[in-house]
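Listed here are the chains, written in short residue letters.
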Amino acid sequence: MANKANPVTACVGGDLGRAGDGISGIGGRTDPAYATREGTAYALTSGGVLKTGWLDAYARVPREAFLSDTIWPFDSATGTTVHVSRAENPDVWRGYASADVPIVTQWDDGQHAGRDPGHMPTSSASMPSVVFRMLDALTVDDYCRVLEIGTGTGWNAALLAHKVGEGNVVSVEVDEEVALRARRALDHFFGAPVEVVHGDGRAGAPAHGPFDRVIATCGVRGIPYPWVTQTRPGGLIVVPWGMGFTHADGLLRLRVEADGESASGRFIGPVEFMKLRAHRAAPIDHDAYAPQLPDVSPSLDSCEAARALAHTDRFGALLFALGLHVRDCTYVAASKQQGTQPHWFYSRTDQSWACVLTTDDEETSRIWQHGPRRLWDDIRAAHDWWVSRGRPGWERFGLTVSGAGEERVWLDEVGNVVGPGIG
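All of the points below concern the structure found in this document. (Residues numbered from 1 in each chain as written. Predicted model: local features only at pLDDT ≥ 70, side-chain atom pairs only at ≥ 80, totals over all residues. Heavy atoms only, no water.)

## Concerning the overall build of the protein
- Looking only at helices and strands, one finds 11 helices and 20 strands in the protein.
- Taken over C-alpha atoms, the radius of gyration comes to 22 Å for the protein, in line with the 22 Å a tight globule of 423 residues would show.
- Dimensions of the protein along its principal axes, counting C-alpha atoms only, are 70 × 55 × 40 Å.
- Split into buried and exposed, the 423 residues of the protein put 53% on the buried side. (Helix = DSSP H or I, 4+ residues; strand = E, 2+ residues; numbered from the N terminus. Rg over C-alpha atoms; globule rule 2.2 N^0.38 Å. Buried < 20%, exposed > 50% of the residue type's maximum accessible area, 1.4 Å probe, protein only.)

This is the structure in structure tokens:
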């Protein structure tokens, strides 16, 4: 929280990102506790998210068939995760199951007990608007062979199986108990097994490939190269990709090249997913960076970069562009109090940090920097790059994977590489 005597000591507070996905849906326009599947279908169809090719799957494969009796949905009215029990309140449980909200189904890798939320959400049912947006991007045809990374509840695999046939879907889940529950739900729903593999999704499913499509329902910090080599030339990979600058990811759609060893494609827009377990980053410990700060005076800066931070959306392309240029850095916007908001930047390679304090209706911001990495200088240069390129949105960025997983992010054209130290 901001401290008037020494604003740089503002605590981060809260999680780096809320559970589930970051695409707004119908939750803000109705009480999700009393939503209906029909009402959600109408909203998603009207919004162009649920398209004709997936209407039958939506109608015949209800999300509630894959949820446990105890769930923790995100309540959009209060901005909190709530506990709901089907045994105690079946109408409310069914309403959340039908609503366009993310639902946590596991906390703390299964080590959590009790009604209150745990420390970290580790498995969930994504909100339907995100699910069908990603399935639409996957563009499956009848009888496509599909590899899914991150089985979760099994609902996404069931939708795919309804579309392409249950024998054509292979889903990999790292958590043994989650995999077992999903396998049971899928077997019960179809009366025939959808292949659920318990294992590390980074390896794909080499014994079951090749595949026409790969879809990941977890965020990654790099494309596991087996996903490329296990996809047929011309096949598609849809995956949430990010740098860890924020908790948000960019939804990426890659097409595997004719050589079968590389893939390239553009970003579609922002999402927010729980991360592949091997790609999780340790939470930021603010006190480890600045337990007792020296009494130093801030520098004053009236640059556009600070004002842009104060007004940007957390899913905006600006933060994505900043993260591309300033790697191994995490950005956290602390809570605003009385019109004043601290913006923190933490180096992941050393103890360097920066804090930018913005105040409503003031052109000048206060800046603190500490450590060998001058993080604010880097952020300001990255912002200037973004502005000089016409403030590009998500759709102008793309990524190419080649060699043994070498990645290059580019702007507009494959050769126009974006990254640290590139002007």
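## A short note on the pairing of strand β6 (residues 146-149)
- Burial along β6 is two-sided: Val146 and Glu148 and Leu147 and Ile149, pointing in opposite directions, are all buried.
- Relative to strand β7 (residues 169-173), β6 is paired through four bridges, and the arrangement is parallel. Pairing of Val146 across the sheet is with Val169, part of β7.
- Pairing of β6 with strand β9 (residues 211-216) involves four bridges; the strand directions are parallel. Pairing of Val146 across the sheet is with Arg213, part of β9. (Pairing = 2+ DSSP bridges.)

## Digging into the pairing of strand β17 (residues 365-370)
- When strand β13 (residues 299-301) meets β17, the two strands line up antiparallel, connected through three bridges. Each bridged residue has a counterpart across the sheet, and for Asp301 the counterpart in β17 is Ser365.
- For strand β16 (residues 353-359) and β17, the ladder comprises five bridges, and the chain directions are antiparallel. Across the sheet, residue Trp353 finds its bridge partner in β17, namely His370.
- Between the end of β16 and the start of β17, which pair antiparallel, lie five residues, with Asp361 showing a positive phi angle near 65 degrees.

## Things to note about the packing of helix α1 (residues 37-46) against helix α2 (residues 52-60)
- Interaxial distance between α1 and α2 falls to 11 Å at its minimum, and their mutual angle equals 165 degrees. Classified by the angle between their axes, α1 and α2 sit roughly antiparallel to one another. Regarding α1 and α2, the two cross each other, and that crossing is right-handed. Only Leu55, Tyr58 and Ala59 of α2 make contact with α1, whose side of the interface consists of Arg37, Thr40, Ala41 and Thr45.
- Residue composition of the contact of α1 with α2, by class: four nonpolar, two polar and one charged. (Axes fitted to C-alpha atoms, helices over the stretch in contact; angles between N-to-C directions. Parallel < 35°, antiparallel > 145°, perpendicular 65-115°, else oblique. Left-handed = near helix turned anticlockwise from the far one by under 90°. Contact = heavy atoms within 4.5 Å. Nonpolar A, V, L, I, M, F, W, Y, C, P; charged D, E, K, R; others polar.)

## With respect to helix α3 (residues 90-98)
- Looking only at α3, the buried set comprises Val92, Trp93, Gly95, Tyr96, Ala97 and Ser98.
- In this fold, the buried residues of α3 make contact with α1, β1 (70-75), β3 (84-85) and β4 (103-107).

## Thoughts on the nonpolar core
- With 57 residues, the main nonpolar core has Ile149, Ile223, Trp227, Trp241, Phe345, Trp376 and Leu399 as its most contacted residues.
- For this core, the element with the highest residue contribution is helix α10 (residues 317-325), accounting for seven residues.
- With residues up to four places along the chain from it excluded, the contact list for Phe345 reads Phe245, Leu309, Cys329, Thr330, Tyr331, Ser352, Trp353, Ala354, Val356, Leu375, Trp376 and Ile379.
- Membership of the second largest hydrophobic core comes to 37 residues, among which are Phe66, Leu159, Ala161 and Leu251. (Core = buried A, V, L, I, M, F, W, Y, C linked by side-chain atoms within 4.5 Å.)

## Description of the packing of α10 against helix α11 (residues 375-388)
- Here α10 crosses α11 at 125 degrees, and the two axes come no closer than 9 Å. Accordingly, the angle class assigned to the pair α10 and α11 is oblique. The handedness of the crossing between α10 and α11 is right-handed. Across the interface between the two elements, Ala317, Leu318, Ala321, Leu322 and His325 of α10 pack against Ile379, Ala382, His383, Trp385 and Trp386 of α11.
- Residue classes in the contact of α10 with α11 are distributed as eight nonpolar, two polar and no charged.

## Notes on the packing of aromatic side chains
- According to the stated counting rule, one finds 19 aromatic pairs in the structure shown.
- For the pair Trp72 and Trp107, a centre-to-centre distance of 6.2 Å together with 85 degrees between the ring planes defines the contact as edge-to-face. Here Trp72 is found in strand β1, whereas its partner Trp107 is found in strand β4, with 35 residues between them in sequence. With respect to burial, Trp72 and Trp107 carry one shared label: buried.
- Measuring from ring centre to ring centre gives 6.2 Å for Phe345 and Trp376, while their planes differ by 45 degrees; the resulting arrangement is tilted. Taken together, the positions of Phe345 in strand β15 (residues 340-347) and Trp376 in helix α11 put the pair 31 residues apart, joining distant regions of the chain. (Phe/Tyr/Trp six-rings, centres within 6.5 Å; stacked < 30°, edge-to-face > 60°.)

## A closer look at unusual backbone geometry
- Of note, the amide linkage connecting Gly209 to Pro210 takes the cis form, showing an omega dihedral of 0 degrees.
- As for its placement among the helices and strands, Pro210 is situated in the loop between β8 (195-198) and β9.
- Unlike most non-glycine residues, Asp412 shows phi in positive territory, near 70 degrees.
- As for its position among the elements, Asp412 is in the loop between β19 (406-411) and β20 (417-418).
- Judged by relative accessible area, Asp412 falls into the partly exposed class, the value being 31%.

The values are spatial; any link to function lies outside them.
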